[in-house]
Amino acid sequence: MIFQQQFSLQTQGRGTINITREVDSLVRSSDITTGLCHLFIYHTSASLMLCENADPDVRSDLERFFSRLVPDGDPLFQHVDEGVDDMPAHIRSVLTKMDLTMPVTNGSLDLGAWQGIYLWEHRHRGHQRKLAVTVTGE
Amino acid sequence: MIFQQQFSLQTQGRGTINITREVDSLVRSSDITTGLCHLFIYHTSASLMLCENADPDVRSDLERFFSRLVPDGDPLFQHVDEGVDDMPAHIRSVLTKMDLTMPVTNGSLDLGAWQGIYLWEHRHRGHQRKLAVTVTGE
Amino acid sequence: MIFQQQFSLQTQGRGTINITREVDSLVRSSDITTGLCHLFIYHTSASLMLCENADPDVRSDLERFFSRLVPDGDPLFQHVDEGVDDMPAHIRSVLTKMDLTMPVTNGSLDLGAWQGIYLWEHRHRGHQRKLAVTVTGE
């Protein structure tokens, strides 16, 4: 069996959004009991991440770490048409990836107790982001 | 067809463990000839990695590289409840990922000659780590 | 249904090669309408990446960023048998990954308008690189 559905999300600028509930709800509606859930984001300046879901400091620490690792406005970058956060957004997306695959067990998403799925917007401005969930299995 | 099985592994603290044999053995037991093998770790402070499997120096170099890239006890971090390696473990996991998908061909895992699958424990203390193998195909 | 095919590519040394067309052509030949396309590279010194496909500066900026992040000849590295780019190639591959899964919709690869699939050769010398495309779905 295969289930596939796209959905969209409006971001509010750089930062993470917990989308575990949205993804799990699509998995449950797929009527697939055992298999895999693939999540995809159709962009190159926002990404997907599994991350600790309990302490918000984890995500603000991650944000500060990536801001230091890939500094906005770094003179290294020539691709600056859309601003100081343009190229950093591409690099952060490459480092954190645009695809993510997780187990489906007993008809729902099977994550660890402390794992949450996050959409990470890397641009300073908010964007409409398009994603797809594909569930395969039986 | 779909095959799914969980297994656990006790780590001995920060470092890598070659789990290629365990994963391939589950793939072989699945009776799936052609398809995909998905490996997942249910944690956010340990990760999965394909890496060169011949020279142990590659993994000790990786360890030193990541220790320099994401320093334990970095004053940048506020999430320090579990110690100086707590937040670095989350970041190292985000950078190396918790999911991994590989081809299955002729009834076994199909990797390159120099590729091995490693569980990377990022905490200083050993932990019981839970993983799942899902095989899909025909 | 499952479709699996290997193919090879000669690289010309460090740099990225757009392989979107080759992958999509295999997806179209699979006769699978809805599902997933998994791409795999059988090496540990070259990787796969989704990246902005319009402005070549994005990829030269990425190249410069990774050259600074993982410097060739870094005295940190002990695995240097094959030269100054040996260990950096392994680390760059671990950071950018050797597997990639994307949606298949209406019988072809379903990417965002600005997403392209790139093989990233991390060694200075060109290499023959082997890849596999696996398509699952209906």
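Looking at an unreviewed UniProt entry, one finds chain A named Secondary thiamine-phosphate synthase, with Solemya velum gill symbiont as its source organism. A UniProt comment under Sequence similarities (unreviewed entry) is attached to chain A, and it reads "Belongs to the UPF0047 family."

1. With respect to the interface of chain C and chain A
Between chain C and chain A, the contact holds 34 residues from the first and 30 residues from the second. Carbon and sulfur atoms supply 64% of the area buried between chain C and chain A, which totals about 2,600 Å² over both sides. It is D61(C), F65(C) and Q115(C) that lose the most area in chain C upon contact with chain A, and together they represent 19% of the buried surface on that side. There are one salt bridge connecting chain C and chain A. Across the salt bridge formed by R68(C) and D74(A), the nearest N and O atoms sit 2.6 Å from each other. Between the two partners, chain C and chain A, sit 16 residue pairs in polar contact (both at pLDDT 80 or more). Elements with a contribution of two residues or more to the side of chain C that touches chain A: β3 (35–41), β4 (46–52), α2 (56–69), α3 (86–96) and β5 (99–105) of chain C. The dominant element in the side of chain C that touches chain A, judged by the number of residues it contributes, is α2(C), at nine residues. Partitioned by chemical class, the residues of the side of chain C that touches chain A number 17 nonpolar, eight polar and nine charged.

Rules behind the numbers
- Residues numbered from 1 in each chain as written.
- Chains lettered and ligands numbered in written order.
- Predicted model: local features only at pLDDT ≥ 70, side-chain atom pairs only at ≥ 80, totals over all residues.
- Heavy atoms only, no water.
- UniProt positions renumbered as here; feature names shortened; annotations may be inferred.
- Contact = heavy atoms within 4.5 Å.
- Buried area = accessible area lost by both parts, 1.4 Å probe.
- Salt bridge = Lys/Arg side-chain N within 4 Å of Asp/Glu carboxyl O.
- Polar contact = N/O pair within 3.5 Å; in protein donor to acceptor, adjacent residues only side chain to side chain.
- Helix = DSSP H or I, 4+ residues; strand = E, 2+ residues; numbered from the N terminus.
- Nonpolar A, V, L, I, M, F, W, Y, C, P; charged D, E, K, R; others polar.

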